[in-house]
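One-letter residues, chain by chain:
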Amino acid sequence: ILNVEQSPQSLHVQEGDSTNFTCSFPSSNFYALHWYRWETAKSPEALFVMTLNGDEKKKGRISATLNTKEGYSYLYIKGSQPEDSATYLCALGADKLIFGTGTRLQVFP
Amino acid sequence: DTEVTQTPKHLVMGMTNKKSLKCEQHMGHRAMYWYKQKAKKPPELMFVYSYEKLSINESVPSRFSPECPNSSLLNLHLHALQPEDSALYLCASSQEGQLIFGSGTRLTVV
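Residues numbered from 1 in each chain as written. Chains lettered and ligands numbered in written order. Predicted model: local features only at pLDDT ≥ 70, side-chain atom pairs only at ≥ 80, totals over all residues. Heavy atoms only, no water.

(A) Seen up close, the state of the cysteines. The full count for this structure, using the stated rule, is two disulfides over all chains. Each disulfide pairs two cysteine sulfurs, and for cysteine 23 of chain A the partner residue is cysteine 90 of chain A, the sulfurs being separated by 2.0 Å. Residues cysteine 23 of chain A and cysteine 90 of chain A are joined through a disulfide that is right-handed, its torsion about the S-S bond being 75°. Separated by 67 residues along the polypeptide, cysteine 23 of chain A in strand β3 (residues 19–24) and cysteine 90 of chain A in strand β9 (residues 86–92) bring together distant segments of the chain. This pair shows no difference in class: cysteine 23 of chain A is buried, exactly as cysteine 90 of chain A is. In this model cysteine 68 of chain B remains outside any disulfide bridge; the closest cysteine sulfur is found in cysteine 23 of chain B, 9.2 Å from its own. (Disulfide = S-S within 2.5 Å. Helix = DSSP H or I, 4+ residues; strand = E, 2+ residues; numbered from the N terminus. Buried < 20%, exposed > 50% of the residue type's maximum accessible area, 1.4 Å probe, protein only.)

(B) The packing of aromatic side chains, seen in detail. Going through the model one piece at a time under the given rule, you end up with 12 aromatic pairs over all chains. Between phenylalanine 99 of chain A and tyrosine 35 of chain B, the ring centres sit 5.6 Å apart and the planes meet at 85°, which makes this aromatic pair edge-to-face. You can see phenylalanine 99 of chain A sitting in strand β10 (residues 98–99) and its partner tyrosine 35 of chain B sitting in strand β4 (residues 31–37), one on each of two chains. With a relative accessible area of 0%, tyrosine 35 of chain B lands in the buried category. Members of the aromatic cluster, connected to one another through ring pairs, are Tyr36 and Phe99 of chain A together with Tyr33, Tyr35 and Phe101 of chain B. (Phe/Tyr/Trp six-rings, centres within 6.5 Å; stacked < 30°, edge-to-face > 60°.)

So far we have only geometry, and geometry alone does not tell us how the molecule works.
The structure is reproduced here in structure tokens:
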């Protein structure tokens with residue numbers, strides 16, 4: 001069974017702090033790694049799709065890196081804002097996505 | 001239109017009821033999905049439709065019956081559900097590997 005793990009489970013930071021969290025996955029049979037941002041009562045929002053070892057992607061204050069050889073991806077948020085509060089999910093695969101359990105981020109003003 | 005729309009947003013049904021969840025997208029995506037998410041667990045894939053044909057069924061019980069009437073619509077027909085089927089049901093569509101999700105239907109079976 002493919003296991004995608006995320007850590008930490010939850011994170012509380014002060015506005016302005018930078019933060020990062022991890023997605024770990026088996027390095028064999030890698031196809032693609034997805035990051036989603038999911039606010040309560042809204043749709044999961046696609047942030048990045050990463051396919052190549054060493055990929056780095058950026059969207060505003062959020063960036064992500066990928067290491068397929070060692071089986072991990074980091075998501076970074078620079079200068080966290082209260083509106084960044086959400087659950088951040090990573091998922092492995094293509095048509096059939098296997099999701100991690102998410103990191104719940106709360107940013108306090 | 002860059003959204004996936006799901007209706008209803010909330011549904012309460014009895015174990016003897018028949019109901020349907022609906023999903024619609026007008027982005028021309030040819031793959032559509034049903035995921036189920038229970039509290040504090042990751043979303044789990046149920047079904048994948050590709051070009052209006054069922055391509056993946058993750059051993060879902062027959063009390064859940066998907067239907068894809070056309071390339072823009074995906075339904076999930078529900079019959080004789082159990083209380084443990086209560087969950088958030090998410091629809092998604094994709095093109096070139098990136099899934100776009102709807103906001104889900106929160107289903108409660110009583």
